[in-house]
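Below, each chain spelled out in residue letters.
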Amino acid sequence: MSKTLFDPAPSPTVPVAGTQDSINVHRVFCVGRNYEAHAKEMGQAVDREKPFYFTKSRDAIVLSGGTIPYPCGTENYHYEMELVVVIGAPAFRVSVQDAMSKVFGYACGLDMTRRDIQLAERAKQLPWDLGKDVENSAVISAIVPAAQFGAPAKQRIEMRQNGVTKQDGDLSLLIWSVPEIISHLSGFYHLRPGDLIYTGTPAGVGPVQPGDVLEGSVAGAGDLKITIGARE
Ligand code: MN
């Protein structure tokens, strides 16, 4: 009799705020350069023709509240505070008008980045995997159901490092809106429940050090707190 070798990879789950429920995470998509001031601080022009993406392994998911190691392979590990969209229904080639019906809820998250590696990869026109698909780099808060959050509009997004505000913006600054992102991305993927979309970061990204405490929020979509641990 044949058998399947190896245990299945653990499937990360994320709690739904105010309930006993949680969701299984499927894929982790991230939008690049989705706030103009952040694109500028990265020395890049904004492409208003179409959004672009990178992905993280779902193993990168870490819940708010704990400690993540300062990863190996970088001397310039950065925070990026983001609104996270949680897909709750299959979505393939959906219109902008229909896109919001596919949203289960929202969370806030950190897209932690090996900036030195990402910039070196970018300069050589190489993929960003080592810079972006970092273990423990997709921090996420509990999920707030869409009906409770309402529509993304002008909600504040902010992040503090050791109590000092470093990022402070609002969702009206998104270059590509949530329905535009879902519609566009669904032209390339059969989105399914449990897919997460990190929607990009406002200006003010910067490096962390072991011992730092990062606290952030998106108004109405919860808040998060993570401590940077020792170097691996
Ligand atoms: Mn990002």
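Scroll up for the structure.
Our subject in this report is the structure included herewith.

The rules we used
Residues numbered from 1 in each chain as written. Predicted model: local features only at pLDDT ≥ 70, side-chain atom pairs only at ≥ 80, totals over all residues. Heavy atoms only, no water. Donors = N, O, S within 2.8 Å, 3.2 Å for Na, K, Ca; no water. Helix = DSSP H or I, 4+ residues; strand = E, 2+ residues; numbered from the N terminus. Buried < 20%, exposed > 50% of the residue type's maximum accessible area, 1.4 Å probe, protein only. Salt bridge = Lys/Arg side-chain N within 4 Å of Asp/Glu carboxyl O.

Quick look at the coordination of the manganese ion
Then comes step 1: Distances from the manganese ion to its protein donors, namely Glu80 (OE), Glu82 (OE) and Asp111 (OD), fall within the range 2.0 to 2.1 Å.
Then comes step 2: Along the chain, the residues that donate to the manganese ion are spaced as E-x1-E-x28-D. Remark: Asp111 occurs in strand β9 (residues 103-111) and Glu80 occurs in the loop between β7 (77-79) and β8 (81-87); sequence separation between them is 31 residues. Across this residue pair, the class does not change: Glu80 and Asp111 are buried.

Focus on the pattern of salt bridges
Then comes step 1: Under the criterion given, the structure shown has 13 salt bridges.
Then comes step 2: Linking Glu75 and Arg231 is a salt bridge whose minimum nitrogen-to-oxygen distance equals 3.4 Å. With Glu75 in the loop between β6 (67-70) and β7 and Arg231 in strand β18 (residues 223-231), this pair connects stretches of sequence that are 156 residues apart.
Then comes step 3: The closest approach of N and O atoms between Arg115 and Glu80, which form a salt bridge, is 2.8 Å. On the criterion of sequence distance, the pair formed by Arg115 in helix α3 (residues 115-123) and Glu80 in the loop between β7 and β8 is long-range, its members being 35 residues apart. In terms of burial, Arg115 and Glu80 fall into one category: buried.

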